[in-house]
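Inside the fold
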Amino acid sequence: MERHEYDVVVIGAGGAGLRAAIEARQQGKRTAIVCKSLFGKAHTVMAEGGAAAAMGNVNPNDNWMVHFRDTMRGGKFLNNWRMAELHAKEAPDRVWELEAWGALFDRTKDGKISQRNFGGHEYPRLAHVGDRTGLEMIRTLQQRVVALQQEDEKLHGDPEAYIKVFAECTITRLLKEGDAIAGAFGYWRETGDFVVFDAPAVVLATGGIGKSFVVTSNSWEYTGDGHALAMLAGANLINMEFIQFHPTGMVWPPSVRGILVTESVRGDGGVLRNSEGRRFMFDYIPDVFKDKYATTEEEADRWYDDQAGNRRPPELLPRDEVARAINSEVKAGRGSPQGGVFLDVSTRLPAAEITRRLPSMHHQFKELADVDITKEPMQVGPTCHYVMGGVEVDADTGAASVPGLFAAGEVSGGMHGSNRLGGNSLSDLLVFGRRAGAGAAAYIDGLARRPAAAAGLVEEARAEALAPLERTGGENPYEVHHELQRTMNDLVGIIRKSEEIGEALQVIEKLKERAKNTASAGSRIYNPGWHLAIDLRNMLLVSEAVAKAALLREESRGGHTRDDYPGMSPEWRRKLLRVTLTPDESGVNVEERVQPSMRSDLISLFERGELEKYLTEEELAEYDAAVKES
Amino acid sequence: MGYKAKFRVWRGEGGEGRLEDFTVEVNEGEVVLDVIHRLQATQTPDLAVRWNCKAGKCGSCSMEINGKPRLGCMTRMSTFEEDETITVTPLRTFPVIKDLVTDVSFNYQKAREVPSFTPPADVKPGEYRMQQIDVERSQEFRKCIECFMCQNVCHVIRDHEENKPNFSGPRYFIRIAELDMHPYDVADRKEPAQDEHGLGYCNITKCCTEVCPEHIKITDNAIIPMKERVVDRKYDPLVWLGSKIFKRQR
């Protein structure tokens, strides 16, 4: 069997994976990047709006503290505050670093990086390139990897001496010796041949889980691999009940349902209307945000030119609020003909300005829906977009509870609390990708001996992967997948209730049995039916984690809305739901953990009046003491 | 709404293959990639195709549809007649791995041969100051989604395997142009473009520009200006004299 030895194996080649790999290599570690698609195709390319970083280029009042507050508010104070702090402090440096690696962001008049408005961000904060920021980011990181390889070629005569990309290669198991990570096992998609990586450190950067839902902005790769691999290796997940439904996905034609319509449309002036022509978001401003959002169309429209004198338009509320509002309008019978609402920029900006600021949206609607967004409104509705939950990690190093295991980006949990702000994902990838790469490097430096994968593990992994090919006459993996997607979409979707989640869990149990009996026709060479059969294990484990956590959390907060528990509860804010694998690997358990209190200098950044909406009396007393002390 | 379409799809691996006929359901608003996916789910579970974003942003699902390079996700079924047989084949310029999936490693090899962005040593991160109008020229080329259809259609390599070692192709000409036009790049891009990347092989038939799904004006905005500058440099008598004088000092 093909075998490679590395210091660090990074699984995933999106923004977080590439940034982690670059860091590990820059710290002198031999690094492998293993990814399911071709190099440069990862899901990050689909990010449109921008990377949030308080550089203060457009509004000099912006700084890390304002960004930190916005992030905590967006996550309804459930965020890991240390991660939110590091993120807000380090994002500007990470963006500037990209520029030094060749990224070309849009500019302000004085030649700095331009920044755009986005939901939940108090000031214009998103560094961007039109509406294709993710592409710019992935290309810049990809080209940085190439630059390092060119350096290595000069120094060592081999471009792949210190950093190598293993593209179209899927990892199905992490290997351990005792408690510690010893490597990873996978297969080449191209040939179906197996491959083992011996490495003391593994960085998970596999992104999200959207492929467990029918209507999603996510690509086929988002099967929750990292989430599942982490649990199978003994690590914990947190916050799995929180899933972001992006308010604006395409709703027509059916085949593109769910494809993302960037929030920049609203950031740049687009408005949401129902079938009666009403800007309905004014009816949905929640109490916790009452003081920050305009109550009339006139004030909202003035804000685009004068942000100091006016409050923000409610179209720019955090994503969870907007998604729920759209859902309610459609349910109330005020939706658009194709089952969404109208998002209109055509009456708000001149046509030339729309095509300059939103070129890929213009292109996407023209090509896929035959709609010219400079002339008519778009129809949009919520789409499964992002999972806030993920591997529980140490904020500073990205280390999971399993020695040698690290995670960064969407696959890690905590940073975004119960709801992520738009633009905070691209900056998250950079900040915590770098930290996880550095964390892995430091971990290796402290090792006395490299662990070696326990005997038998590789053989077990091989048998598990081959099983669907060796069965005949079993289940069609495409059918099992489709039923899972329907179940999660309908029963554990944007609005949840106890009976429906319970029903979903029953279906998942049945699907788990069926998934054990899938059969894939054809050879091992580039066989998508076989690949899907293998991915089902991960999707089912992760779906069970989502459903079980969603059932337990009896409140509504951010990306978790319970019809039967509509309020937000300060007691629940103190609780994190931690998911682990059952000992026989057949399912997951969920347990409550206490959320650590915020450090006093950080909590002092908030007004008491705001905290009263979120915290328990006990926590407020701690706050009063902290303020008194300072 | 739906109808049964006739599809003819190239299937094969290990250097052998043939066109196979299918009759498959098509619904309103669908694209060719949707139909390929329906084939996978209902008739041929092991039909190999690359795809990711399904929104024309990642450049994975490049294929030849009725002989023309297209993104499967951006080719609407409504552009064909209902009784038309639609033929789907892999990109011709690259070796087939299986079915519609080709070995595009040639492109990654060429990417590594273009020296990376080279800023002046004394500019620190955060200090870059550039005007929008100056970055827009390079931004056009950075829209490239690396679908490699320009590489696939370029006749210099499409039918001439022997040219591949000496020719980087349109995708990498725009990469060189992008760096050349970057306000902070200090490396010499012009002579290598001609001498090492085979710019001279291009005879401006604009096939690459025509297939670009991002509508990048590859020929007019990248290749022709670079050819002109290479010529300026090579045949400018002062540059010629200068290069003779300074050669010895280098």
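Residues numbered from 1 in each chain as written. Chains lettered and ligands numbered in written order. Predicted model: local features only at pLDDT ≥ 70, side-chain atom pairs only at ≥ 80, totals over all residues. Heavy atoms only, no water.

So, the layout of surface pockets
By volume, the second largest pocket amounts to about 1200 Å³. In terms of lining residues, the second largest pocket is bounded by 39 residues, among which A:K211, A:H482, A:Q485, B:H37 and B:W51 are the most central. Only α13 (477–491) and α15 (528–552) of chain A together with α1 (32–42) of chain B provide two or more residues apiece to the lining of the second largest pocket. The class makeup of the residues in the lining of the second largest pocket is 15 nonpolar, 14 polar and 10 charged. (1 Å grid on protein atoms, 1.4 Å probe; cavity = no way out; pocket = protein on both sides within 12 Å on 5 of 7 lines; lining within 4 Å. Points joined across faces, edges and corners; volume = space filled by probe spheres on them. Helix = DSSP H or I, 4+ residues; strand = E, 2+ residues; numbered from the N terminus. Nonpolar A, V, L, I, M, F, W, Y, C, P; charged D, E, K, R; others polar.)

Quick notes on the UniProt feature "active site" (unreviewed entry) in chain A
Residue and element names in this part refer to chain A. In the numbering used here, UniProt assigns the feature "active site" (unreviewed entry) to R319. Along the chain, the position of R319 falls in helix α8 (residues 319–331). Of the residues examined, R319 reaches a relative accessible area of 6% and is grouped as buried. Residue contacts for R319: discarding those within four places in its chain leaves F118, Q244, F245, H246, P247, E263, H385, N419, R420 and G422. (UniProt positions renumbered as here; feature names shortened; annotations may be inferred. Buried < 20%, exposed > 50% of the residue type's maximum accessible area, 1.4 Å probe, protein only. Contact = heavy atoms within 4.5 Å.)

Focus on the environment of B:K217
Following the sequence through the fold, B:K217 ends up in the loop between α8 (207–211) and α9 (218–235). Along the sequence, B:K217 and B:E140 sit 77 residues apart, while their C-alpha atoms lie 8.3 Å from each other.

Quick notes on the pairing of strand β15 (residues 341–344) of chain A
Residues and elements named next belong to chain A. As judged from the 3 bridges shared by strand β14 (residues 271–273) and β15, these two strands associate in the antiparallel manner. Residue pairing for β15: V271 is matched across the bridge by D344. As judged from the 3 bridges shared by β15 and strand β16 (residues 378–387), these two strands associate in the antiparallel manner. The residue bridging V341 from the neighbouring strand is V380, located in β16. (Pairing = 2+ DSSP bridges.)

Overview of α15(A)
Residue and element names in this part refer to chain A. For α15, spanning 25 residues, the distance from its first C-alpha to its last is 36 Å, which sits close to the expected 36 Å at 1.5 Å a residue. Remark: the principal bend of α15, roughly 30 degrees, maps to D535. The element α15 is largely enclosed, with a buried count of 22 among its 25 residues. The N-cap residue of α15 is N527: its side-chain oxygen and the backbone nitrogen of G529 are 3.2 Å apart. (Expected span 1.5 Å × (residues − 1). Bend = angle between axes of the 7 residues up to and from the residue. Polar contact = N/O pair within 3.5 Å; in protein donor to acceptor, adjacent residues only side chain to side chain.)

A few points about the domain arrangement of chain B
Residue and element names in this part refer to chain B. For chain B, the assigned domains read domain 1 (3–102) and domain 2 (105–249). Relative to domain 2, the C-alpha centre of domain 1 lies at a distance of 32 Å. Every contact between the two is made by 14 residues of domain 1 and, on the other side, 17 residues of domain 2. With both sides pooled, the region where domain 1 packs onto domain 2 buries about 1200 Å², and carbon together with sulfur makes up 53% of that total. A salt bridge links D159 to R92; its shortest N-O distance comes to 2.6 Å. Applying the counting rule to domain 1 against domain 2 returns 7 residue pairs in polar contact (both at pLDDT 80 or more). Looking at which element gives the most residues to the side of domain 1 that touches domain 2, the answer is strand β4 (residues 68–71), with 3 residues. (Domains from an automatic or database assignment. Buried area = accessible area lost by both parts, 1.4 Å probe. Salt bridge = Lys/Arg side-chain N within 4 Å of Asp/Glu carboxyl O.)

Description of the interface of chain B and chain A
Taken together, the contact between chain B and chain A spans 59 residues of the former and 66 residues of the latter. Both sides together, the interface formed by chain B and chain A hides about 5200 Å², and carbon and sulfur atoms give 52% of it. The largest share of the area that chain B buries against chain A comes from B:K57, B:R112 and B:R142, three residues that together contribute 16% of it. Between chain B and chain A we count 5 salt bridges in total. Linking B:R112 and A:E160 is a salt bridge whose minimum nitrogen-to-oxygen distance equals 3.0 Å.

Examining the pairing of β4(B)
Residues B:P69 and B:L71 point to one face of β4(B) and are all buried, whereas B:K68 and B:R70, pointing to the other face, are not buried. The turn linking strand β3 (residues 62–65) of chain B back onto β4(B) is made up of 2 residues, and B:N66 within it adopts a positive phi angle of 50 degrees.

Observations regarding the sheet that holds strand β4 (residues 51–52) of chain A
Think of a sheet as strands paired side by side through backbone hydrogen bonds, with each pair either parallel or antiparallel. Residues and elements named next belong to chain A. Taking strand neighbours across the sheet as the criterion, the 3 strands line up as β4-β6-β5 in an open arrangement whose pairing is antiparallel. The two strands at the open ends of the sheet, each matched to only one other strand, are β4 and β5 (115–116). Where β4 lies against strand β6 (residues 126–127), 2 bridges are found, and the strand directions are antiparallel. Each residue of the ladder has a partner; that of A52, found in β6, is L126.

Observations concerning the sheet that holds β14(A)
Residue and element names in this part refer to chain A. What the 4 strands build is an open sheet, ordered β13-β16-β15-β14; its pairing is antiparallel. At either end of the open sheet lies a strand with only one pairing partner, and these are β13 (243–250) and β14. The average angle at which neighbouring strand axes cross in this sheet is 45 degrees, direction not considered. Relative to the sheet, α8 contacts β13, β14, β15 and β16, its axis offset from that of β13 by approximately 60 degrees. (Axes fitted to C-alpha atoms, helices over the stretch in contact; angles between N-to-C directions.)

What to know about the pattern of salt bridges
Residues and elements named next belong to chain A. Under the criterion given, the structure shown has 91 salt bridges over all chains. Residue E321 is joined to K76 by a salt bridge in which the shortest nitrogen-to-oxygen separation is 2.8 Å. Of this pair, E321 sits in helix α8 while K76 sits in the loop between α2 (64–74) and α3 (81–100), and the two are 245 residues apart along the sequence. Neither residue differs from the other here; E321 and K76 are each classed as buried.

Some details on the packing of α3(A) against helix α11 (residues 424–445) of chain A
Residue and element names in this part refer to chain A. Two numbers describe how α3 lies on α11: the axes approach to 8 Å, and their chain directions differ by 90 degrees. As judged from the angle between their axes, α3 and α11 are roughly perpendicular. Note on element contacts: α11 touches α3 through N424, S427, D428, L430, V431, F432, R434 and R435, opposite M83, L86, H87, E90, A91, R94 and L98. A breakdown of the residues in the contact of α3 with α11 according to their chemical character gives 7 nonpolar, 3 polar and 5 charged. (Parallel < 35°, antiparallel > 145°, perpendicular 65-115°, else oblique.)

Re the domain arrangement of chain A
When its domains are assigned, chain A resolves into domain 1 (2–142 + 153–242 + 388–445), domain 2 (245–385), domain 3 (469–571) and domain 4 (600–629). For domain 2 of chain A versus domain 4 of chain A, the separation of C-alpha centres amounts to 35 Å.

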